Structures are given as C-alpha cells and as structure tokens.
Amino acid sequence: MTNLFDSGDSNEQLVLADLLNHVLDRGVVITGEVTLSVANIDLVKVGLSLMLAAAETTDVVQRQALLKQRDHADVPVLPRRP
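The model shown is predicted, which means the values in this text are computed figures rather than measured ones.

Some points on the overall build of the protein chain
Item 1. What the protein chain contains, in helices and strands, is two helices and two strands.
Item 2. In the protein chain, the succession of helices and strands from N to C terminus is α-β-β-α.
Item 3. By residue count, 2% of the 82 residues in the protein chain fall in the buried class.
Item 4. Counting only contacts in the protein chain whose residues sit at least 6 apart along the sequence, the fraction spanning at least 24 positions is 26%.
Item 5. A total of about 8200 Å² of accessible surface is found on the protein chain, and carbon and sulfur atoms cover 59% of it.

And the structure:
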C-alpha cells in the first residue's frame, strides 16, 4: 500500500522543512485586496494583511521596536508655533 502524501523523495521533504523553518524564523507578510462589486459598482473594499511567524520571532521584533522608541524618547521636541 502506498502513501498518497509521501512523494518518495527525501530531498523534497528536507527542502520543505528548511523553507518552513526559514519562514517561521524570519516571518513573512502576505497582503492583498478584495473588492466586492455589483453591476460594475464597487460596494465593499477590504485590505487584507497576514503575518506568519513564530511567536518568539514576533516577541523579538516587538522588543526591538520598543527599544528603538525608548532610544528616541530623549530627543527634545520643538514647540509648535501659534
């Protein structure tokens, strides 16, 4: 009996595992846009954004962003003109 999901090539499985490891380590963002229209009139326009990453990766990026904000917090801001 053969397994339908087994390609039989261990190199392909290794490449897929490496790709998944890289995507989860670095993260990837997929964006798109969907427009619903009737009779050539746009009714609804939706922007979509999907981020795929490991939880640890997002934590590291978030900490780096907070540190960057903290580094710039001591920069004096000029008052606005009336």
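Continuing now.
Quick notes on unusual backbone geometry
Item 1. One non-glycine residue with positive phi stands out, namely Ala-39, at about 55 degrees.
Item 2. Structurally, the position occupied by Ala-39 is in the loop between strand E1 (28-38) and strand E2 (41-52).
Item 3. Owing to a relative accessible area of 68%, Ala-39 belongs among the exposed residues under this scheme.
Item 4. Its identity is not glycine, yet Asn-40 carries a phi of approximately 65 degrees, on the positive side.

Let's talk about the pairing of E1
Item 1. Note: E1 against E2, eleven bridges, orientation antiparallel. Its bridge partner lying in E2, Leu-36 is registered against Val-44.
Item 2. Here E1 folds back onto E2, and the loop between the two strands holds two residues, one of which, Ala-39, carries a positive phi near 55 degrees.

Thoughts on the environment of Glu-56
Item 1. If you trace the backbone, Glu-56 turns up in helix H2 (residues 55-71).
Item 2. Along the chain, Glu-56 and Asp-25 lie 31 residues apart, while their C-alpha atoms are 8.4 Å from each other.

Description of the environment of Leu-52
Item 1. Counting through the fold element by element, Leu-52 comes out in strand E2.
Item 2. Classification of Leu-52 by relative accessible area gives partly exposed; the value is 41%.
Item 3. When the C-alpha atoms of Leu-52 and Val-23 are compared, they prove to be 7.5 Å apart, with 29 residues separating the residues in sequence.
Item 4. Apart from residues no more than four positions distant in its own chain, Leu-52 is found in contact with Val-23, Gly-27 and Val-28.

Rules used throughout
Residues numbered from 1 in each chain as written. Predicted model: local features only at pLDDT ≥ 70, side-chain atom pairs only at ≥ 80, totals over all residues. Heavy atoms only, no water. Helix = DSSP H or I, 4+ residues; strand = E, 2+ residues; numbered from the N terminus. Buried < 20%, exposed > 50% of the residue type's maximum accessible area, 1.4 Å probe, protein only. Contact = heavy atoms within 4.5 Å. Areas by Shrake-Rupley, 256 points an atom, 1.4 Å probe, with all protein chains shown as cover. Pairing = 2+ DSSP bridges.

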